[in-house]
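For reference, the chains in residue letters:
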Amino acid sequence: MKRSIKRTVTGAGLVMVTALVAWQVAGRHSRKQAPASEPGSITIDYPAEGAVFPPEFPAPAWLWRDANNKATSWEIDIAFLDGSPTIRAESAGEGMRMGESDPRCVSATNKPPTLTVEQAAAHTWMPDAATWSAIKQHSVNRPATIVITGHPRGDSKTILSRGQVSLETSGDPVGAPIFYRDVPLMPSENEKGVIKPLAPQAVPLIAWRLRNVADKESRVMMEGLHTCANCHSFSADGKTLGLDMDGPQNDKGLYAIVKVQPHMAIRNKDLVAWSDFRGKLGSKLRVGFMSQISPDAEHVVTTVNDPGIDQSDYQRRKDPVDLVRNYYVANFKDYRFLQVFFPTRGVLAWYSRASAHLQYLPGADDTRYVHANAVWSPDGKYLVFARALAEDAYPAGAPPAEYANDPKERQIKYDLYRIPFNGGKGGKPEPIAGASQNGMSNSFPKVSPDGRWIVFVQARNGLLMRPDSQLFIVPATGGKARRMKCNTPRMNSWHSFSPNGRWLVFSSKSRSPYTQMFLTHIDESGNDSPAILIENSTAANRAVNIPEFVNIPADGMVKIDTPAAEYALHTDLAVDLMKNRQYAAAVPEWNKALELVPKEARAHNNLGVALMETGKVDEAIAHYREALAQNPEYAEAYNNLGEALAGKGGVKNAIAQFEKAVQLDPGYTVARRNLSAILTRTGQMDKAIVHLKKLVEATPDAADIRRELGYALADKGNFQQASVQLEEANKLSGGRDPLTLHLLGRAYADLGRVPEAVEALRKALAFATEPSLVQAISAQLDGLRVR
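These numbers come from a predicted model, not from an experiment.

Caption draft 1: Structural detail: the packing of aromatic side chains. Applying the stated criterion to the full structure yields 18 aromatic pairs. Between F53 and W132 the ring centres are 5.3 Å apart and the planes differ by 85°, which places this aromatic pair in the edge-to-face class. Of this pair, F53 sits in strand 2 (residues 51–53) while W132 sits in helix 4 (residues 129–137), placing them 79 residues apart in sequence. Overall, F53 belongs to the buried group, its relative accessible area being 0%. Here F506 and F518 contribute two aromatic rings whose centre-to-centre distance is 5.9 Å and whose plane-to-plane angle is 25°, an arrangement assigned as stacked. Placement of the pair is F506 in strand 35 (residues 503–508) and F518 in strand 36 (residues 516–521), with a sequence separation of twelve residues. Through successive ring pairs, a cluster of aromatic residues spans F53, F57, W62, W125 and W132. Residue placement shows R511 over the ring face of Y46; its charged tip is 4.7 Å from the ring centre.

Listed below in structure tokens is the structure:
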């Protein structure tokens, strides 16, 4: 009943209190008015008209802009409907300031947070604790009206401007903390044309925080991970956490299921590897997308896909068919919206913790469609998910998108569907009226804890992090969808219901390109209030995403350790050491990584490289062989083993390793170079020429490869073709490489082109410094003179 009074009081009651405050303010200042007939306008930007605050919320910072630039002091009057005396405060209207930035997150690809024109013109006031407590006490489920009046400094009798807004305090506490991801926005371009949302070395800057909205700041739960962890969800009782994690192959291949407690740890025994399962077409499932744990923590629903091609780990690193065909990804240098990412193929599967088995959900396994964003109803009896016609992620010949919402993006519009879980037997998917077939893309559904409502995101295209995304609410069984009042002008997404169903947290970029976290109140009739900011969620130059309420006390989580991610820590350290040629220091890090994941082929291979560089050839060979035992299609390991065997004189065996590497990856130029070199050295010129010609096709501007091909052709007596290759090599090397000039001179001489041979050899002699080469060139020249 109180809630219905609250929603109707904006009529006569609010008019009455507004008039009362205006009369009181006017009475106090009746002796002197501004020269104009009406005071100037004050625009109160925050809180917005009708904002609702939780009872435990700390004092917010008021923001307003005054149209009269002569106003330098402001009186703030707060009047209540419960008969309490009006509260009056004075403010100097300090300017708005940005919060502190994290210096670790400053890069050439982003910009420091700055105030907008409106923010720079804003004045601020924050009630002290006692004033804010009184405001909340007297505005529970009924509006308080705030009137801000501008004056000249020292002259409170002269009214220059005025504005007002109403707010109220809910009787509903938030009642639970928010777990969220805190990320830097630092797109990288380490390779020309290859943009990543975050450089690998910056991944440890990602943090996970917990925020009790009664507090003025958040607490770090987890940070410093050297692997990516992202989408998370909790069981209804808050006792179990589910978290998508990257595996050793840096894919979305793992899912952690962990007991929630104050001091908790994610260990290897807590991980589910999607690659342990196979799809309908028989190939390994590699990725679980936006997985969600069930309310009772017994099941996990996720989006999987089976490309029908059972790639080896090596093949997948080179060409991840399951990702390229099924996920549209576009990364941009613009840090404000640096990535577009959505699935274009995939079906729903569910994992049983009891049986450790993954299986498809009938009715949501039709490969003609892409199924994503699946979430559970509060009772676990049905699922709501986004669905669209399945398509290849990258149509042939399509130009790449250059910014978020570029029309060149892959166009896809999702509809929301509902399907019974039925103990894993599924059923018939039904479109949700109001959230389907409306000309927009509907995604990211969340069902209210009472099961009555679905809040979802609507945008023109795709899902997640859309600049134009708006929050809508619709009855869970379908009906008319309503655009929510809490929407801000720029990006509204990543939302979650509080356990009591009365609050919704979401992320927005309305105040800054660095995403912030907001709250809105939702009553039992699905009516929401304007957004309020959860201040100090992170540094001013970091972004908040994936906020998720967790049904625990404020101190129910203190710290999350991640021994399961230590493998990535050691491999990252080892890679960094090897980049700096500190191979001896890298060896123990690779050994530590292998203690954690003993059968990881890449770690064995890279340890072998480090051992080779420190002269421990036999140990290196052992690790290369172990890498191949774990992954028989690991081309790099074959090549490295070939190099090690060749160094020990095992030429025949080395050739076999290089041939295997090239067979596995015909485009692996390093292995083909090694193979052609050892074939040339052992006099197998016909075979060497075949590989050298392929290398020239692959790298036509490589002068040294053309020189080697010219040498091999000349050795076989094909001086004409040799001269063509050597001439091209000479051009590519700027006509200054003595060995190329020497070989070219010899080829000319064998073709009878003596003057050209002499000229080439004289140039070679001019550039040569190595004594044996100088001697050979001189002897060649002497021979031509005698001739």
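Caption draft 2: View of helix 14 (residues 685–698). Helix length check: helix 14, at 14 residues, gives a terminal C-alpha distance of 20 Å against a target of 20 Å (1.5 Å per residue), a fit within 8%. Considered for burial, the residues of helix 14 that qualify are M685, A688, I689, H691, L692, L695 and V696. Taken together, the buried residues of helix 14 touch helix 13 (669–681), helix 15 (703–715) and helix 16 (719–732).

Caption draft 3: Examining the pattern of salt bridges more closely. Here the structure, examined in full by the defined rule, presents 28 salt bridges. Taking the shortest distance from any N to any O, the salt bridge between R542 and D102 comes out at 3.2 Å. Within this pair, whereas R542 is found in strand 38 (residues 542–549), its partner D102 is found in the loop between strand 6 (94–95) and helix 3 (117–120), the two being separated by 440 residues in sequence. Judged by its relative accessible area of 3%, R542 is buried. Relative accessible area serves as the criterion here: at 10%, D102 is assigned to the buried category. Across the salt bridge formed by E409 and R466, the nearest N and O atoms sit 2.9 Å from each other. Of this pair, E409 sits in the loop between strand 27 (382–389) and strand 28 (415–420) while R466 sits in the loop between strand 31 (453–459) and strand 32 (470–475), and the two are 57 residues apart along the sequence. We note that E409, like R466, is buried. Beyond isolated ion pairs, a larger network of salt bridges with shared partners links D102, R104, D182, R209 and R542.

Caption draft 4: Molecular detail of the state of the cysteines. Scanning the model with the defined rule gives zero disulfides in all. For C228, which is in no disulfide, the shortest distance to another cysteine sulfur is to C231 and amounts to 9.2 Å. Relative accessible area serves as the criterion here: at 18%, C228 is assigned to the buried category.

Caption draft 5: The arrangement of the side chain of D244 in detail. Turning to its location among the elements, D244 is positioned in strand 16 (residues 240–245). If we ignore the near neighbours within four places in the chain, the residues touching D244 are C228, A229, N230, C231, L254, Y255, G288, F289, M290 and S291.

Caption draft 6: How the structure looks around the sheet that holds strand 38. Strand order in the open sheet made by the four strands is 14-13-10-38, with antiparallel pairing throughout. Each end of this open sheet is capped by a strand with a single partner; those strands are strand 14 (219–223) and strand 38. Each adjacent strand pair in this sheet contributes to an overall mean axis angle of 30°, direction not counted. Sheet topology note: the strand 10 (residues 178–184)/strand 13 (residues 207–211) ladder contains five bridges and is antiparallel. Note on strand 13: the bridge partner recorded for I178 is R211.

Basis of the calculations
- The residue numbers shown here count from 1 along each chain, following its written sequence.
- The predicted origin of the model limits local features to residues at a pLDDT of at least 70 and limits the giving and counting of side-chain atom pairs to 80 or more, whereas totals for whole chains, interfaces and linings rest on all residues.
- Computation of side-chain values covers all heavy atoms of the structure but excludes hydrogens and water.
- Side-chain rings of Phe, Tyr and Trp, where Trp is taken by its six-membered ring, are said to pair if the distance between their centres is within 6.5 Å; with planes under 30 degrees apart they count as stacked, over 60 as edge-to-face, and otherwise as tilted.
- Strands are runs of DSSP state E lasting at least two residues, helices are runs of H or I lasting at least four, and both sets are numbered from the N terminus onward.
- For the exposure calls, accessible area comes from a 1.4 Å probe over protein chains only, and a residue counts as buried if that area is under 20% of its type's maximum, exposed if over 50%, partly exposed in between.
- Here, over-ring charges are defined by two tests on the NZ atom of lysine or the CZ atom of arginine: distance to the ring centre within 6 Å, and angle to the ring normal within 35 degrees.
- What a helix is expected to span follows from its residue count: subtract one and scale by 1.5 Å.
- The contact definition used throughout considers only heavy atoms, calling two residues in contact when any of these lie within 4.5 Å.
- Put simply, a salt bridge is a Lys or Arg side-chain nitrogen that is within 4 Å of an Asp or Glu carboxyl oxygen.
- Any two cysteine sulfur atoms within 2.5 Å of one another count as a disulfide.
- For two strands to count as paired, DSSP must find a minimum of two bridges between them.
- As a rule, the C-alpha atoms of each element are fitted with a line to give its axis, helices using only the stretch in contact, and angles between N-to-C directions run from 0 to 180 degrees.

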